[in-house]
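# Fold and contact review
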Amino acid sequence: MAMHVGTVTITLFLHGARSLKEKRHVLKSLIDTTRRKFNVSVAEIGDLDLWSRATVGVACVSNSG
């Protein structure tokens, strides 16, 4: 029996964000939609204090490739 683990780190540039509140609003929507649509784990993992950039990590574990 094999277990497959997939991970990816994505850096997003948010040109329209003028505050951390706007950034969090956009990211929350993106993260919730990604979790629901693809059944993966998603979290903001970097650039937490920057308005215009976010680093997001995505992980998935499966028994089939």
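Up top is the structure.
Predicted model only: the values in this text are computed from it and were never measured. (Residues numbered from 1 in each chain as written. Predicted model: local features only at pLDDT ≥ 70, side-chain atom pairs only at ≥ 80, totals over all residues. Heavy atoms only, no water.)

## Structural notes on the side chain of Thr55
Condition: Strands are runs of DSSP state E lasting at least 2 residues, helices are runs of H or I lasting at least 4, and numbering of each runs from the N terminus. The contact criterion used is simple: two residues touch if any of their non-hydrogen atoms lie within 4.5 Å.
Tracing the backbone shows Thr55 in strand E3 (residues 53–62). Apart from the residues lying within four places of it in its own chain, the contact partners of Thr55 are Thr9, Ile10, Thr11, Ala43, Glu44, Ile45, Gly46 and Asp47.

## So, the sheet that holds strand E1 (residues 4–13)
Whenever strands of a sheet pair, they do so through backbone hydrogen bonds, lying parallel or antiparallel. Here is the rule: A pair of strands counts as paired when DSSP detects no fewer than two bridges linking them. Convention adopted: a line fitted to C-alpha atoms gives each axis, helices being fitted over their contacting stretch, and angles between N-to-C directions are expressed from 0 to 180 degrees.
Spatially, the 3 strands line up as an open sheet ordered E1-E3-E2, and their pairing is antiparallel. Each end of this open sheet is capped by a strand with a single partner; those strands are E1 and strand E2 (41–46). When the angles between neighbouring strand axes are averaged without regard to direction, this sheet yields 25°. Pairing of E2 with E3, which is carried by 5 bridges, proceeds in the antiparallel orientation. Counted as the bridge partner of Gly46 is Thr55 from E3. Sheet strands in contact with helix H1 (residues 20–38) are E1, E2 and E3, and its direction is about 150° off that of E2.

## Comments concerning the nonpolar core
Rules: Buried Ala, Val, Leu, Ile, Met, Phe, Trp, Tyr and Cys residues form a nonpolar core when they are joined through side-chain atoms within 4.5 Å. A 1.4 Å probe rolled over the protein chains alone gives each residue an accessible area, and that area as a share of the maximum for its type sets the label: buried under 20%, exposed over 50%, partly exposed in between.
Ranked by size, the top nonpolar core spans 9 residues in total: Leu14, Ala17, Leu27, Ile31, Val40, Val42, Ala54, Val56 and Val58. Mapped onto this core, the elements with two or more residues apiece are H1 and E3. Broken down by element, the residue count for this core peaks at 3 residues, all from E3. Ignoring anything within four residues of it in the chain, the contact list for Ala54 reads Ile10, Thr11, Leu12, Leu14, Lys23, Leu27, Glu44, Gly46 and Asp47.

## Quick notes on the pattern of salt bridges
Two side chains carrying opposite charge are able to pair once their charged atoms lie near each other. Counted only if it meets this: A side-chain nitrogen of Lys or Arg and a carboxyl oxygen of Asp or Glu constitute a salt bridge if their distance falls within 4 Å.
What the rule picks out here adds up to 5 salt bridges. A salt bridge links Glu22 to Arg18; the shortest N-O distance between them is 3.8 Å. You can call Glu22 partly exposed: its relative accessible area is 30%. With a shortest N-O distance of 3.4 Å, Arg24 and Glu44 are connected by a salt bridge. Note that Arg24 is positioned in helix H1 and Glu44 in strand E2, a separation of 20 residues in sequence. Looking at Glu44, the relative accessible area reads 22%, which means it is partly exposed. The network of salt bridges with shared partners includes Lys23, Arg24 and Glu44.

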